[in-house]
Amino acid sequence: MVAKEKIGIVVSDKMQQTLIVAVNERITHKKYGKVITRTKRYPVHDSGSISSIGDKVKIQSCRPISKKKNWILLTILNKHFQTSIYCLIRPWQADHTCE
C-alpha cells in the first residue's frame, strides 16, 4: 500500500513531539456543483520539534504511533517567521532579537 501524503499548515505545537496540521480540501458538491472548502486537522508526529505555528509542511501516513496519531512530518516547505509587534511599531522598545 502506498503511503498518503498531504500538505497543510501547522496550527498548534503546544504538545511534546506532536503538531496539529490543518489540511484544506476543495471538493465539488455532487448535486449543486458548488466548490466547497473543507478543513481537517491531523495530529502529526514531530520527533525533533523542529516545526512551529504557521509553517507549511508535508505529512505522510504511517502506522499508528498513539491513539490518534498516525501521521509523521516529512518536510517543512515554507518556514513562517514570527516577528514581535514591537519590532514593527517601536523598534527602540523591542528586545534585541528584532532583525
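Further up the page is the structure itself.
Structural notes, computed from the coordinates.

So, how was this worked out
- Residues numbered from 1 in each chain as written.
- Predicted model: local features only at pLDDT ≥ 70, side-chain atom pairs only at ≥ 80, totals over all residues.
- Heavy atoms only, no water.
- Phe/Tyr/Trp six-rings, centres within 6.5 Å; stacked < 30°, edge-to-face > 60°.
- Helix = DSSP H or I, 4+ residues; strand = E, 2+ residues; numbered from the N terminus.
- Buried < 20%, exposed > 50% of the residue type's maximum accessible area, 1.4 Å probe, protein only.
- Salt bridge = Lys/Arg side-chain N within 4 Å of Asp/Glu carboxyl O.
- Pairing = 2+ DSSP bridges.

Overall, the coordinates contain one aromatic pair when judged by the stated rule. When the centroid spacing of 4.9 Å and the interplanar angle of 55° are considered together, the rings of Tyr-42 and Trp-71 count as tilted. Separated by 29 residues along the polypeptide, Tyr-42 in strand S3 (residues 35-45) and Trp-71 in strand S5 (residues 71-78) bring together distant segments of the chain. Per residue, the accessibility class of Tyr-42 equals that of Trp-71, and both read buried.

Turning our eyes to something else, we now look at the pattern of salt bridges. In total, this model carries two salt bridges according to the counting rule given. Among the salt bridges present, the one from Glu-5 reaches Lys-58, with a minimum N-O distance of 3.8 Å. Here Glu-5 is found in strand S1 (residues 5-15), whereas its partner Lys-58 is found in strand S4 (residues 56-61), with 53 residues between them in sequence. Of the residues examined, Lys-58 reaches a relative accessible area of 25% and is grouped as partly exposed. When the shortest N-O distance is used, the salt bridge between Asp-55 and Lys-79 registers 3.3 Å. On the criterion of sequence distance, the pair formed by Asp-55 in the loop between S3 and S4 and Lys-79 in the loop between S5 and helix H1 (85-89) is long-range, its members being 24 residues apart.

Further remarks concern the pairing of S3. Here 11 bridges tie strand S2 (residues 18-28) to S3, and the two strands are oriented antiparallel to one another. Considered in S3, the bridge of Ile-27 is made with Ile-36. Between the end of S2 and the start of S3, which pair antiparallel, lie six residues, with Gly-33 showing a positive phi angle near 80°.

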